[in-house]
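Results of the structural survey
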Amino acid sequence: MNASGHNKLGWGFVAPALLWTLAFFIVPFLVMGAMSFATLDGRSVVWGFSLDNYIELATRAYLWRAVLVSLEITLTVTIVSVVLAYPLAAIIAFRIPPRWQRLALLLAILPFWTSYVVRSYAWLLVLAREGFVNQTLMNLGAISEPITLANTRFATVTGFVHFFVMLLTLTIYANLVQLSPNYRRAAMDLGANAFQTFRHVILPLTLPGIATGAFLTFVLCIGDYVTPQVLGGNNELTIPQVIMVQLGRRADFPLASALAIVMMAIVTVAYLASARWLKLDRV
């Protein structure tokens, strides 16, 4: 087969993916971008080029507050999930015998088998004033009356961390099991203790896995609507919640599109920062 034939065959394999991306990502994104510059006249969308929606984003306190709340929750969830997932992944990779590692990973991904909505409502029951946490603390004498845990940012972060710790565990574990034991042996032979070996050898070599999992956590967390809606109790609105308010109550598609563009810009900045600092392009 000549070069022309190989090119046609290659385009034949790539074309379905390109068409799918064009139809379900690029075209909707362009429409949303154009919609963000439109205006709302009563209940009708007036197409044009207007910065009114972005000016409103910059001047309305509740809109900026939603952006800040989303960033604060997302960064908190990402950091806490990494801190909890790394030791769990290390234990599975280094402490559990290889024949039991598959079982350990299976147990780690069990939360993925349950509906996302069901998990959120389960945490709502656990953190309720009459829930398991409050009852346990009262039985232990730690508190004299129930404390408010549900419908708070703490509840939202807890629900997110429960899910994303397992995702990060898988990405970090995949990196850890690829490391040759000779790295640790060589570091110890050179006089490094366990902490120095981890800090100067293991951690740098596993940064791509951490970065991959952290970025996925960031993307999924900042765009999530269900968990803040169920566990947050509308006390602090995030970007997806504000977008749903604009769509459901006001039918303000231009402002909702502008909010979505801002959210995508934040994700893009996070990706560029991660790719440059941790070299995600080499994972």
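Refer to the structure printed above.
What counts, and where the lines are drawn
- Numbering of residues begins from 1 in every chain and follows the order in which that chain's sequence is written.
- Note on the predicted model: pLDDT of at least 70 is required for a residue's local features to be given, and 80 or more for side-chain atom pairs to be given and counted; whole-chain, interface and lining totals, by contrast, use all residues.
- Excluded from the side-chain calculation are hydrogens and water; included are all heavy atoms of the structure.
- Residues enter patches when they are more than 30% accessible in relative terms and free of salt bridges; like-charged ones are connected within 9 Å and nonpolar ones (Val, Leu, Ile, Met, Phe, Trp, Tyr) within 5 Å.
- Accessibility throughout is a Shrake-Rupley quantity obtained with a 1.4 Å probe, and a residue counts as covered only by protein chains that appear here.
- Criterion for a salt bridge: a side-chain nitrogen of Lys or Arg within 4 Å of a carboxyl oxygen of Asp or Glu.
- Each helix is a run of H or I in the DSSP string that is no shorter than four residues. Each strand is a run of E no shorter than two, and both are numbered from the N terminus.
- In summary, the pairing rule links any two rings of Phe, Tyr or Trp, Trp by its six-membered ring, whose centres are within 6.5 Å, and it sorts them by plane angle into stacked for under 30 degrees, edge-to-face for over 60 and tilted for everything else.
- Remark: exposure states derive from per-residue accessible area (1.4 Å probe, protein chains only) relative to the maximum for the residue type, with buried under 20%, exposed over 50%, and partly exposed in between.
- Whether two residues are in contact is decided by their heavy atoms: any pair within 4.5 Å suffices.
- Here the expected length of a helix is defined as 1.5 Å per residue gap, with one fewer gap than residues.
- Think of it this way: the bend at a residue is just the angle between two axes, each fitted to seven residues, one set ending at that residue and the other starting at it.
- Axis geometry follows a simple rule: fit a line to the C-alpha atoms, using only the stretch in contact for helices, then measure angles between N-to-C directions, giving values from 0 to 180 degrees.
- Working rule for angles: under 35 degrees goes down as roughly parallel, over 145 as roughly antiparallel, 65 to 115 as roughly perpendicular, anything else as oblique.
- Left-handed is the label given to a crossing in which the near helix is rotated counterclockwise from the far helix by less than a right angle, and right-handed is the label when the rotation is clockwise.
- For this scheme, ten residues count as nonpolar: Ala, Val, Leu, Ile, Met, Phe, Trp, Tyr, Cys and Pro. Four count as charged, namely Asp, Glu, Lys and Arg, and the remainder, Gly too, count as polar.
- Whenever a nitrogen or oxygen atom comes within 3.5 Å of another N or O atom, the pair is scored as a polar contact, on the condition that within protein one atom can donate a hydrogen and the other can accept it, and that pairs from neighbouring residues in sequence are kept only if both atoms are in side chains.

On the surface, Leu19, Leu22, Phe25, Ile26, Val27, Phe29, Leu30, Val31 and Trp47 cluster together to form a nonpolar patch covering roughly 860 Å² of accessible area. Structurally, Phe29 can be placed in helix α1 (residues 3-35).

According to the stated counting rule, one finds nine aromatic pairs in the structure shown. Ring geometry for Trp20 and Phe24: centres 4.5 Å apart, planes at 45°, overall tilted. With Trp20 and Phe24 both in helix α1 and four residues apart, this pair spans about one turn of that helix. For Phe24, a relative accessible area of 55% corresponds to the exposed category. Ring centres of Phe163 and Phe164 lie 5.0 Å apart, and the angle between their planes is 80°; this geometry places the pair in the edge-to-face category. Per residue, the accessibility class of Phe163 equals that of Phe164, and both read buried.

Here we take up the side chain of Asp252. With respect to the element layout, Asp252 can be found in the loop between α11 (239-250) and α12 (253-278). A relative accessible area of 5% places Asp252 in the buried class. Aside from chain neighbours lying at most four places away, what touches Asp252 is Leu40 and Gln246.

The next subject is helix α7 (residues 153-176). In this model, α7 (24 residues) spans 32 Å end to end at C-alpha, consistent with the 34 Å of a helix rising 1.5 Å per residue. The largest bend in α7 is about 30°, located at His162. Of all 24 residues in α7, 19 are buried; the element is thus mostly enclosed.

Let us now look at the packing of helix α8 (residues 181-189) against helix α9 (residues 194-222). When two helices pack together, you describe them by how their axes are tilted relative to each other and by the distance separating the axes. Where α8 contacts α9, the two axes come as close as 10 Å, and the packing angle between them is 155°. Classed by the angle they form, the pair α8 and α9 counts as roughly antiparallel. The way α8 lies across α9 gives a crossing that is right-handed. Between α8 and α9, the residues in contact are Tyr183, Arg184, Ala187 and Met188 and Thr197, Val201, Ile202 and Leu205, respectively. In terms of residue class, the contact of α8 with α9 is made up of six nonpolar, one polar and one charged.

For the rest of this paragraph, the subject is the side chain of Gln246. Within the fold, Gln246 resides in helix α11. When sequence neighbours within four positions are dropped, the list of residues in contact with Gln246 reads Tyr62, Ala251, Asp252, Leu255, Ala256 and Leu259.

In this section: α9. For α9, spanning 29 residues, the distance from its first C-alpha to its last is only 36 Å, which falls clearly below the expected 42 Å at 1.5 Å a residue. Along α9, the sharpest change in direction is near 50° and occurs at Leu203; proline Pro204 comes one to four residues later. At the N-terminal boundary of α9, the capping side chain belongs to Asn193, with an oxygen 3.2 Å from the backbone nitrogen of Phe195.

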